[in-house]
Each structure stands twice: as structure tokens, then as C-alpha cells.
Amino acid sequence: MTGHAVVIAGGGPTGLMLAGELALAGVDVAIVERRTSQALAGSRAGGLHSRTIEILEQRGIADRFLSEGQVAQVAGFAGTRLDISDFPTRHPYGLALWQTHIERILAGWVDELAVPIFRGIQVTAFAQGDSGVDVELSDGQSLRAKYLVGCDGGRSLIARPPASISPDRIPPAAI
Ligand SMILES: Cc1cc2nc3c(=O)[nH]c(=O)nc-3n(C[C@H](O)[C@H](O)[C@H](O)COP(=O)(O)OP(=O)(O)OC[C@H]3O[C@@H](n4cnc5c(N)ncnc54)[C@H](O)[C@@H]3O)c2cc1C
């Protein structure tokens, strides 16, 4: 059984960003992602808002996204388009860029930070003990972690374990 301080279930945008943040903070983190690549069925999200670009710039990676997308005024409220071009930010605009590209760029960053991503593998169950969480994987292996983080989307196994998981297999310490 391999051990990590944090195991993240799900390598979508949330899991990838969290992994990058934790790695930068020196935390031993790994991702388990059931897809074999970052390719997505369908288009999903179509871009980034100004504040997200600011955060990516704080991490030194905004240019990777800006070089692939198209800047545009995309902010809106109640159906009204808002022009933020005079806002006091280095990025007074949104960025049109499909989610599949956003994920690919984030995955490249996470790779550079040497975060292991176990692809084509699903978290199937987990059990919390006093000192951490045992995470069962679909390939029959398991991982030991201090924390398990559910970044596994809207039908999250981690956030909402199915009734078939017995009461002693409760959600891990949430972070
Ligand atoms: C059809 C559709 C259209 C959308 N359109 C838009 C849009 O136009 N604009 C917009 O802003 N947003 C849109 N969204 C929302 C956007 O895609 C989500 O906000 C975003 O994907 C959430 O990222 P996430 O990382 O939290 O979750 P997800 O992207 O769902 O990622 C979860 C990841 O966890 C993996 N996973 C799941 N279960 C397990 C498991 N047990 N073990 C291991 N891995 C697991 C999945 O394979 C996936 O990679 C759309 C979503 C859908 C479904």
C-alpha cells in the first residue's frame, strides 16, 4: 500500500488546481482519476473569468492560458453584459478557452510539480481510521492517506457515499 499525505479523487479542474496548490505548499499529494486522459466528452466550460486569471497569474501560469484563448468582455449580471475594461486589474477581461484545454494546461503544470496522477483508475471505497484514510482503487490496489479529498464531480462518491458503504466506512476528514 502506497502512502501520501493527501489523495485527491478526481483530476478535473478542481482536483488539478488543488493538487498544484498543495504541491507548491510542499504537501505530498497524489491524484486518482478514472479517465485515461484529460480529453472530455462535450465542451463543458468555455472560459475563465478575470479573478481566475488573476489567481493563475499569482501562480505564474496565466500566460499559458492567455496564449491559447481569446480575451473578451464576458462578465455579466442578470443577463446584462458588463464591460470591466476599466477595472483596476491586470486582466480586465475574461478568456474564452474550452475546458479540455484548461484541464490539459493545468495537468501540465501539475506534472511539472511532480504530482503523481494515477489515470484510468477509480476510487471505489474508503475507510477512515484514527490516523488516516484507506482508499480502495478499481485496480485492486489501495492507497493510504492522511486526507482524502473528493474532487470527483457532481455525483461524488467521496462527498456522498452510497448507502452500500457500511457505517464504519464514513467520509474522511473533510478539507
Ligand atoms: C454537460 C455539461 C456542460 C457544462 N457547461 C458548462 C459551461 O458552459 N460553463 C461552465 O462554466 N461550466 C460548465 N459545466 C460545468 C463544469 O464542467 C464544471 O464546473 C467543472 O467540470 C467542475 O470541475 P470539477 O473538477 O469540480 O469536477 P469534474 O470536472 O466533474 O471532474 C471530476 C473528475 O473526477 C473524476 N472522477 C469521478 N469519480 C471518480 C472516482 N470515483 N475516482 C476517480 N476519479 C473520479 C472524473 O472522471 C472527473 O475527471 C458543464 C458541465 C457539464 C456536465
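Whatever comes next refers back to the structure up there.
What you see is a predicted model; the values in this text were computed from it and never measured.

Calculation criteria
- Residues numbered from 1 in each chain as written.
- Predicted model: local features only at pLDDT ≥ 70, side-chain atom pairs only at ≥ 80, totals over all residues.
- Heavy atoms only, no water.
- Buried < 20%, exposed > 50% of the residue type's maximum accessible area, 1.4 Å probe, protein only.
- Helix = DSSP H or I, 4+ residues; strand = E, 2+ residues; numbered from the N terminus.
- Arc of directions from axis to C-beta.
- Contact = heavy atoms within 4.5 Å.
- Pairing = 2+ DSSP bridges.
- Near = heavy atom within 4 Å.
- Polar contact = N/O pair within 3.5 Å; in protein donor to acceptor, adjacent residues only side chain to side chain.
- Areas by Shrake-Rupley, 256 points an atom, 1.4 Å probe, with all protein chains shown as cover.
- Nonpolar A, V, L, I, M, F, W, Y, C, P; charged D, E, K, R; others polar.
- Core = buried A, V, L, I, M, F, W, Y, C linked by side-chain atoms within 4.5 Å.
- Axes fitted to C-alpha atoms, helices over the stretch in contact; angles between N-to-C directions.
- Salt bridge = Lys/Arg side-chain N within 4 Å of Asp/Glu carboxyl O.

**Some words on unusual backbone geometry**
1) Next: Backbone geometry at Arg44 places phi at a positive 55 degrees, although glycine is not the residue there.
2) Next: Residue classification places Arg44 among the exposed positions, given a relative accessible area of 59%.
3) Next: The phi dihedral of Ala114 falls on the positive side, at around 65 degrees, and the residue is not glycine.
4) Next: Turning to its location among the elements, Ala114 is positioned in the loop between helix H4 (99-112) and strand E8 (117-119).

**Section: helix H2 (residues 50-58)**
1) Next: Within H2, burial applies to Ser50, Ile53 and Leu56. For H2, the buried positions fall inside an angular range of 120 degrees around the axis, keeping them on one side.
2) Next: Those residues of H2 that are buried are in contact with helix H1 (13-24), strand E3 (47-48), helix H3 (62-66), strand E7 (94-96) and H4.

**Here's the deal with the sheet that holds strand E4 (residues 70-72)**
1) Next: The strand order across the open sheet built from 3 strands is E3-E7-E4, with neighbouring strands paired in antiparallel fashion. Two strands in the sheet have a free side with no partner beyond their single neighbour: E3 and E4.
2) Next: For E4 and E7, the ladder comprises 3 bridges, and the chain directions are antiparallel. Note that in E7 the partner of Val71 across the bridge is Leu95.

**With respect to the site of the ligand**
1) Next: The full set close to the ligand counts 17 residues, and Thr14, Glu33, Arg35, Gln99 and Val123 are the nearest of them.
2) Next: One nitrogen or oxygen atom from the side chain of Gln99 is found 2.8 Å from an oxygen atom belonging to the ligand.
3) Next: A total of 1,000 Å² of accessible area belongs to the ligand in isolation, and the protein chains cover 61% of it.
4) Next: Only H1 and strand E2 (29-33) provide two or more residues apiece to the shell around the ligand.
5) Next: Among the residues forming the shell around the ligand, the class breakdown is 6 nonpolar, 6 polar and 5 charged.

**Notes on the nonpolar core**
1) Next: Membership of the largest hydrophobic core comes to 28 residues, with the highest contact counts inside it found for Ile8, Ile31, Leu56, Phe65, Leu106 and Val110.
2) Next: Among the elements that take part in this core, H4 stands out by supplying 6 residues, more than any other.
3) Next: Look past the residues within four positions of Phe65 in its chain and what remains in contact with it is Leu48, Leu56, Leu95, Leu97, Ile102, Ile105 and Leu106.
4) Next: Counting 14 residues, the second largest nonpolar core, distinct from the first, contains Val32, Leu137, Leu143 and Leu157.

**Quick word on the sheet that holds strand E1 (residues 2-9)**
1) Next: With mixed pairing, the 6 strands of this open sheet are ordered in space as E8-E2-E1-E11-E10-E9. In the strand order of this sheet, the two ends are held by E8 and strand E9 (123-129), each with one partner. Strand after strand, the sheet turns through a mean of 40 degrees between neighbouring axes, direction not considered.
2) Next: Inspection of the sheet shows E2 paired to E8 by 3 bridges, in the parallel sense. Opposite Glu33, over in E8, you have Arg119 as the bridge partner.
3) Next: Relative to E2, H1 is tilted by about 165 degrees, and along the sheet it contacts E1, E2, E8 and strand E11 (142-150).

**What to know about the pattern of salt bridges**
1) Next: In this structure the tally under the stated criterion is 8 salt bridges.
2) Next: In this structure, Arg59 engages Glu21 in a salt bridge whose closest nitrogen and oxygen atoms are separated by 2.5 Å. Of this pair, Arg59 sits in the loop between H2 and H3 while Glu21 sits in helix H1, and the two are 38 residues apart along the sequence.
3) Next: A residue is classified by how much of its surface remains accessible, and Arg59, at 32% relative accessible area, is partly exposed.

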